[in-house]
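Chain residues, written in single-letter form:
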Amino acid sequence: MRSRLTRILLALQLLGGAAPAAERAHSEAIAVVVGTESGVPEVTLDALRELYLRRRRVWPDGTRVIPVNLPVDNETRKSFSKRVLGRLPQDLSGYWNRLYFDGIQPPVVLRTPEAVCAYVAVEPKAIGYMRRDEVDRSACRILFVLPE
Amino acid sequence: MRTVIEVCRRAVATVPLALLLAASALAEPLVPGVTRDPSGVGIVFPGNLWISGDATLTLDAPETQPTTFELDDVSLLARWEPFSRLAFFGELRLENLFEVVEHEGVITSGGILEIERLYAETLLTPQLSLRVGKVFTPFGLWNVISRGPLTWTVEEPAITENVFPQRATGLSLLYQKTWQGWSFDATVYGPAQNQIQFRDTEDEGLDSGLLFGGRVAAGRDFGPAFASLGLNAAGFTRRESREWAAATGLDLEVYAGGHEITGELTYRVPTAGGRTTHGLYLQDAIPIVRTLYGVLRFEYFRRPDGPAATGQLVGLFWRPVPNVVLRADYIFGTRRLENFETGFQSSFSLLF
């Protein structure tokens, strides 16, 4: 009885089509990645917030951190920003304006998850994020997956 | 009246040309090794040298003063990070280059060049940094971006102007920490101040002396909103006297639903007793469409030598491309003060 109910629910879900992109991205697991050659062993959610707000700009060994963002209209970026930074990208404009006056730049932006993976693979100081199913494990190492 | 129309006509004629220049600057490819800042403003050279700048044209039509159109200031900002834990920052500002005043015509003074900020910064730990040099006094929210073109309004709130020392020279220690979703910020600074009008009398003029102060702030997410509250305190004295004054304050920022709500409350206590200078502002930057924002502000300000004034500001902030900012404000007020002028103000800023 229970498995029949599950099958019906699954069929209804398939008939209903895909969820809206924003909803889907928000519920999907986001993986935080570094290159396979990176020496970064772990990063906490608090540390990730500091890195992406540029409040912290060096790794514990003193090397420069290069946080990498996806484009501002990317659904994964919006979801990451909401979950990690507590605000959508457009809500941070005043914050970045303030940092601009100290010459501190926001994270670099790469257009696609593939580009992020390719970049962190060759730049051991870089850190990025993407949907878990988009991670190229031959080039990137998952540090942790954001809780859904 | 004809002069006002002429001033406005010249100002309006300048805007399309500047927009065209800005757009072409954005489209222009940079040479190899030189990249544009991810924000769209500023250029990064090899060796971690970042350079940016801005120029602002303003058109002021106060209710009780002649209309003016001026090249308000031209700024150059540079940050160089030779090592990951060491940075140098400088800001040069050229002010009052030329002005067109109603009934008076064009006034050119050759400009005044000022070193607005100049400091070295070293990261002692990932959370703790030390700045040595001249900085904007980290008192409240507004003063640290001062008169930059990216403030939401052309005119700063009255309570942020000449109530506490606006620049500090010496040491600044900054601590930033995120813990369990909370953001903590702390800053202490001293020992010198730069150019604060110490007393509210004209004959005292500008002076400099000693300054010590600090700010602590804590913030966190509350559901879909982020809120932060800061406490400020500074003590300062003229170089020739041993009398100290103190300024204390609260600042608040809230981000919710695209709104950016900021506010400050400041009290300045005179040394030899008497009335305080105090005031507050509360401002909401409201997203209208894409990069166009509406701005509402309420202000209250009381100097020691007169009754209080209240004011309201209605404004627009538009950033059509990253290196162009257009602002227009109208200030209503119950009383005119030197730094609380009612009327219309607008500005056009180009950033590179």
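Residues numbered from 1 in each chain as written. Chains lettered and ligands numbered in written order. Predicted model: local features only at pLDDT ≥ 70, side-chain atom pairs only at ≥ 80, totals over all residues.

Participant: Is there a simple way to think about the overall build of chain B in this case?
Facilitator: Tallying secondary structure elements over chain B gives one helix and 19 strands in all. The buried share among the 352 residues of chain B stands at 34%. A fraction of 51% describes how many contacts in chain B between residues 6 or more apart in sequence connect residues 24 or more apart. (Helix = DSSP H or I, 4+ residues; strand = E, 2+ residues; numbered from the N terminus. Buried ≥ 20, exposed ≤ 12 C-beta atoms within 10 Å, placed from the backbone. Contact = placed C-beta atoms within 7 Å.)

Participant: I'm lost on the overall build of chain A in this one. Help?
Facilitator: For chain A, the helix and strand inventory stands at six helices and five strands. The helix and strand sequence of chain A, counted from the amino end, reads α-α-β-α-β-α-α-β-α-β-β. Scored against the burial criterion, the 148 residues of chain A give a buried share of 31%. Long-range contacts, defined as pairs at least 24 residues apart, comprise 68% of the intrachain contacts of chain A with a sequence gap of at least 6.

Participant: Sorry, what's going on with unusual backbone geometry here?
Facilitator: Negative phi values dominate among residues other than glycine, just as trans dominates among peptide bonds. Residue and element names in this part refer to chain B. For the bond running from G190 to P191, omega is 5°, close enough to zero to count as cis. Among the secondary structure elements, P191 is positioned in strand β10 (residues 182-194). Phi is positive for Q180, close to 55°, though the residue is something other than glycine. Of note, R290 is a non-glycine position whose phi angle comes to about 45°, a positive value. Within the secondary structure, R290 is located in the loop between β15 (277-289) and β16 (292-302).

Participant: Mind showing me how you'd approach the confidence of the model for chain A here?
Facilitator: Detailed conclusions should not be drawn from predicted coordinates in areas where pLDDT is low. Mean pLDDT over chain A stands at 83; residues scoring 70 or higher make up 82%. The model gives residues 1-26 of chain A a pLDDT under 50, and that stretch makes nine contacts with residues more than four places away or in other chains. (pLDDT = per-residue confidence, 0-100.)

Participant: Looking at this model, I keep getting lost on the interface of chain B and chain A. Mind explaining?
Facilitator: Many descriptions give the size of an interface as the accessible area lost when the pieces come together. Between chain B and chain A, the residue contacts involve 27 residues of the former and 27 residues of the latter. Among the elements of the structure, β4 (68-83) and β9 (167-179) of chain B are those that each provide at least two residues to the side of chain B that touches chain A. With three residues, the top contributor of residues to the side of chain B that touches chain A is β9 of chain B. Each residue belonging to the side of chain B that touches chain A can be placed in one class, and the counts come to 13 nonpolar, nine polar and five charged. (Nonpolar A, V, L, I, M, F, W, Y, C, P; charged D, E, K, R; others polar.)

Participant: Whenever I open this one, the sheet that holds strand β4 (residues 126-131) of chain A confuses me. Can you help?
Facilitator: Strand pairing in a sheet takes place through backbone hydrogen bonds and is either antiparallel or parallel in direction. Residues and elements named next belong to chain A. Strand order in the open sheet formed by five strands is β3-β2-β4-β1-β5, and the pairing between neighbours is mixed. Each having just a single partner strand, β3 (108-109) and β5 (140-145) make up the two edges of the open sheet. In terms of strand pairing, strand β1 (residues 30-35) meets β5 through five bridges, oriented antiparallel. Its bridge partner being in β5, A31 is matched across the sheet by V145. (Pairing = 2+ DSSP bridges.)

Participant: Sorry, what's going on with the nonpolar core here?
Facilitator: Judged by nonpolar contacts, the single largest core of 24 residues is most densely connected at A31, V33, C117, V120, I127 and Y129 of chain A. Mapped by element, the contributors of at least two residues to this core are β1, α3 (45-52), α6 (113-122) and β4 of chain A. Leave out the neighbours within four places in its chain, and A31 of chain A touches Y129, M130, R132, V135, I142 and V145 of chain A. The next biggest cluster of nonpolar side chains, apart from the first, holds 19 residues, and it includes L211, A245, Y281 and F340 of chain B. (Core = buried A, V, L, I, M, F, W, Y, C linked by C-beta atoms within 7 Å.)

Participant: Can you help me understand the pairing of strand β2 (residues 66-69) of chain A in this one?
Facilitator: For a regular strand, side chains alternate in direction, first toward one face of the sheet and then toward the other. Residue and element names in this part refer to chain A. Across two bridges, the pairing between β2 and β4 is parallel. Within the sheet, the bridge partner assigned to P67 lies in β4 and is I127. Bridging between β2 and β3 involves two bridges; their strand directions are parallel. Each residue of the ladder has a partner; that of V68, found in β3, is V108.

Participant: Would you mind showing me how to read α6 of chain A here?
Facilitator: An α-helix turns once every 3.6 residues. As a result, residues three or four positions apart point the same way. Residues and elements named next belong to chain A. Looking at α6, one finds that the buried residues are P113, V116, C117, V120 and A121. Take α6 and look down its axis: the buried residues cluster within an arc of 130°, on one side only. Buried residues in α6 make contact with β1, β2, β4 and β5. (Arc of directions from axis to C-beta.)

Participant: Is there a simple way to think about α3 of chain A in this case?
Facilitator: Among the residues making up α3 of chain A, those that are buried are L48, E50, L51 and Y52 of chain A. Tucked into the core, α3 of chain A has its buried residues touching β1, β2, α4 (75-85) and β4 of chain A together with β9 of chain B. The positive-phi residue at the C-terminal boundary of α3 of chain A is R54 of chain A, with phi of around 60°.

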